[in-house]
Each structure stands twice: as C-alpha cells, then as structure tokens.
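Architecture and fold: a report
Residue-level listing of the chains:
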Amino acid sequence: MTVHNTTSLGIMVAGEPASAPLRDFRAVARLLVGHFAANTPCGSLPGEQLHGDVTEFTVKCISIAVQMLDERRAPNDADLAELRAKASQWAREGVPLESVLTVYHEGIQIGWNLVSKRAGDGDAKSLIEAARVFVLLSEKVSIAASKSYVEELQAVASEHHTAAHTLVSSLLSGHNAVSFARQSGIELADSYLVLALSVPPHPDENDPAIQKTVAARRKLRRVQAELATVCGRTPLSMLSTEGGTVLIPGVHDEEWVEALVHRISTAAEVPVTATAEQSAIADIPTAADQVHELLVLAHQLHRPPALYRMDDLVLEYQLTRPGPGRRHLRQILEPLDASPELLETLEIHISHDLNRQRSARQLHLHTNTVDYRLKRIAQLTGFDPTRPSGIRHLQAALVARRLEASQGAA
C-alpha cells in the first residue's frame, strides 16, 4: 500500500511531507522485518510468521506513524486496537514483554531515522515537531501494548488458577483428577507431598491503622509467592489467610520440607505450623485427612510452631480415638488433681527429657524437692516417673487428659 495524497496540516521536511519516506508501507515493513529478524528475538520465529503476522503488524504501526505526522494528532483507541490485540496474542504465546517492546521501539527508531536523515539546514523546527510525534507514538504504543500484555497474562493466570483449584479439589476428593488434569493440560506427578499449613494472624492484622483483611491478604500473597519461588509453578494449593492444603509434586526428604516450612514462615512473617505426608495420587484424600488431623492435634496439645510428621505424634494421634483405653489413661492422673504442683512437676520433668537438674531450675526448686514430688506422684498414681515403664503410662495419661480437656472445651 502506498499513500500519495497529503494534507496542509502535515509536518514538512526538506520541502516534502515528513511522512514521505514511510508512505510505501510494504517496502518500509520489509526493511523493518529484516532488521527484526537479524537483531531481535523475532529472528527465532518461523519465516511464515515473520512475513505474515509480524509484517502485517509492522504495516499497521507505520500507518499510525504516517497518520500522526500528516494530521498532527495522537492515535486514538481505534488506531491502537490492532497493536493491543497483537500484544495480547504474544502474551498468550509466551513471547517475553521485553521482546515485544524491543520490536516496537526499534521500529519507531528506524522510522525516525528515515524521516530525519532527509532534513536540511532550515528544517530544525519541523524536526522538533516530528521528534515530538515519534516520542508520543512511542509512549502510546508502549502503554497500549504493555497494558494489553499484562491484562492477557492476568487472564491466563486466572484460567490456570481456576483449573489448578479444580484439580486440587478433584485430587483431595479422589474424583476424576486424572481425566481433568489431562483435559486441562496439567501434568500430574506419580507422588505428591501433602502439606497442611496453619498460618496465625500477622501483627498487622491487629493493627487498628491497617485494615485486617488487607493485611491478611498481603500475608497470603507472600506465602503463595514463596511457594511459587521454591516449587516453580508446580505446587497445587488451596489456601486461605489462615492456612490450608498444598500438594507439591515429587518425593522430598525431611531436610527439604523443613527448609520449605521455614521459608513459608519467613514469607508470612509469622511462625507457621505444618504437617506433612508423602502420598501416591490415589491416596491423596486419605493423606490429606491425616495431615489435617495431625495439624488439629498439634494445636490441641499446644505444640510450638514447627513441622510435624506422623512419627512425631503417633502416640497422641492414636489417643485421639475415644474409648475405654483413653478414659482409663485419663483416670490415672485424677489422684493428682488436689495437688496441681505435682502435675506441673510431671509435665516439666517430661518436657526436659526426665532431667532432674533442668526441671529443678525451671521450677526454681532444689533437686531434692523435685525428687520428693516425683516419689509422691508414684505413690498417688501407682506409676513411677523415674522408670521407663512408669513414664510411658504417665505421658500417655497427660496426652489423654489434654485431649479430653480440648474436646470438652470445643
């Protein structure tokens, strides 16, 4: 396409319209596309795409530049519609935004060179006007392309998030997960780390100067960003501001999982409690139920924030099943109800791995007093806390007592 007519409003350079070197759209487009192919990421595109989509897009950009030089006006939304559509297409195809903007800017630079190299000594004023046109063109094109590119990425991310959320629901329920993943183009692993997270409120959530929901969402976004950083785009999660479930593909050792929980706590800026279990796809529903039961149990027992596995809470987990055995264990400690100092001594003695000296220091007592109290516990309960057989029963009795108290309060 070649444009011959001019307008008296147009910018003149060297006695001709400034747009004259650009008016043979196809010839200029071939020049620009050749430059793109040799000097920009476009060079990796297939030849048919370079001489098809990229060339047609370049022709549109040149026509906008000619129109601006001839009519001395900024491009409107209709002028930029095709540029926006192409930026959206490239976003969905995975072309980096940097590459898109490089093509735009280098094309504008070459167009300016074609216009300005014809200028003579008396064209300074016209060149300034033309330069303003090209600067405005660069601004409008950059804004339109970047906005459309980002909006398309957000749409793609939203689609992926919806598909991932549905897949997590399918995996946790055990229904149609494999077929849904195949339809959605999401590749499933053979094994997943099933992670249950409890994320306490951030201090900002209690700050009257900051809206609670805003602070909570910021915390959640930091956690999600850290998961994406550590695991790439592969973790499947169902998280709220208070925690939730994360499915991480692959088999991961204890050190890796502990490091992940530490990083999540750092990102959340609060100490996180997590429970984890490795699982095959078919067993994910059972594993998820189990890790969440362990998470509730850790809270009921007032365990400090940390990573817990079944091995860490196996006795306590088994005792969560009500029955005569648990009632019997709880009754072991009833003779100590009238002596709360004995219960306190027993709990501290167990927490310090039966070390009398450390227990005495925490209780601010002499070790002889601790010994006396341990003997009284043995006399009242029938189980000696200084012997392995006795301490096993007493420790189980304490767990049963805490569970009964917790469930009673609930």
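Scoring rules and cut-offs
Residues numbered from 1 in each chain as written. Predicted model: local features only at pLDDT ≥ 70, side-chain atom pairs only at ≥ 80, totals over all residues. Heavy atoms only, no water. Helix = DSSP H or I, 4+ residues; strand = E, 2+ residues; numbered from the N terminus. Buried < 20%, exposed > 50% of the residue type's maximum accessible area, 1.4 Å probe, protein only. Contact = heavy atoms within 4.5 Å. Polar contact = N/O pair within 3.5 Å; in protein donor to acceptor, adjacent residues only side chain to side chain. Pairing = 2+ DSSP bridges. 1 Å grid on protein atoms, 1.4 Å probe; cavity = no way out; pocket = protein on both sides within 12 Å on 5 of 7 lines; lining within 4 Å. Points joined across faces, edges and corners; volume = space filled by probe spheres on them. Nonpolar A, V, L, I, M, F, W, Y, C, P; charged D, E, K, R; others polar. Expected span 1.5 Å × (residues − 1). Arc of directions from axis to C-beta. Core = buried A, V, L, I, M, F, W, Y, C linked by side-chain atoms within 4.5 Å.

Moving on: the environment of Asp 312. As for its position among the elements, Asp 312 is in helix α10 (residues 310–319). Note on Asp 312: relative accessible area 41%, which makes it partly exposed. When residues no more than four places from it in sequence are discounted, the contact partners of Asp 312 are Arg 303 and Leu 307. Among the polar contacts made by the side chain of Asp 312, one reaches the main-chain amide nitrogen of Arg 309 at a distance of 2.7 Å.

Here we have five strands laid out as an open sheet, ordered β4-β5-β3-β6-β7, and mixed in their pairing. Lying at the two open borders of the sheet, with one neighbouring strand each, are β4 (236–240) and β7 (307–308). In this structure, strand β3 (residues 191–198) lies alongside strand β6 (residues 273–280), joined through eight bridges in antiparallel fashion. Bridge pairing in β6 links Ser 191 to Ala 280.

According to the stated counting rule, one finds two cavities of 30 Å³ or more in the structure shown. When its volume is computed, the largest cavity comes out at roughly 180 Å³. If you trace the largest cavity, you find 17 residues lining it, with Leu 32, Cys 61, Ile 62, Gly 107 and Ile 108 closest to the centre. Going through the elements one at a time, α1 (25–39), α2 (47–71), α4 (97–116) and α5 (124–173) are the ones with two or more residues in the lining of the largest cavity. Along the walls of the second largest cavity sit Leu 197, Val 199, Lys 219, Leu 220, Val 223, Leu 239, Ser 240, Thr 241 and Gly 243, which together make up its complete lining. When residues of the lining of the second largest cavity are traced back to their parent elements, those giving at least two are α7 (212–231) and β4. Ranked by residue count, the leading element in the lining of the second largest cavity is α7, at three residues. Across the lining of the second largest cavity, the residue classes break down as five nonpolar, three polar and one charged.

Mapped onto the secondary structure, Ser 126 falls in helix α5. Residue classification places Ser 126 among the buried residues on the basis of a relative accessible area of 16%. Contacts of Ser 126, omitting those with residues within four sequence positions, involve Ile 11, Met 12 and Val 13.

The next thing to look at is helix α8 (residues 254–268). Counted at 1.5 Å a residue, the expected span for α8 with its 15 residues is 21 Å, and the 21 Å between its end C-alpha atoms agrees. Buried residues of α8: Val 257, Leu 260, Val 261, Ile 264, Ser 265, Ala 267 and Ala 268, and no others. Looking straight down α8, one finds its buried side chains confined to an arc of 165°; they lie on one side. Away from its buried face, by an angle of more than 90 degrees, α8 presents the exposed residues Glu 255, His 262 and Thr 266. One or two positions beyond α8, positive phi appears at Glu 269, with a value near 65°.

A few words on the nonpolar core. Ranked by internal contacts, the top residues of the largest apolar core, which has 38 residues, are Leu 22, Ile 62, Leu 69, Tyr 104, Val 115, Phe 134 and Leu 137. Elements with a contribution of two residues or more to this core: α1, α2, α3 (77–92), α4 and α5. Ala 298, Leu 333, Ala 360 and Val 370 belong to the second-largest nonpolar core, a separate cluster that totals 31 residues.

This is a description of form; function is not addressed.
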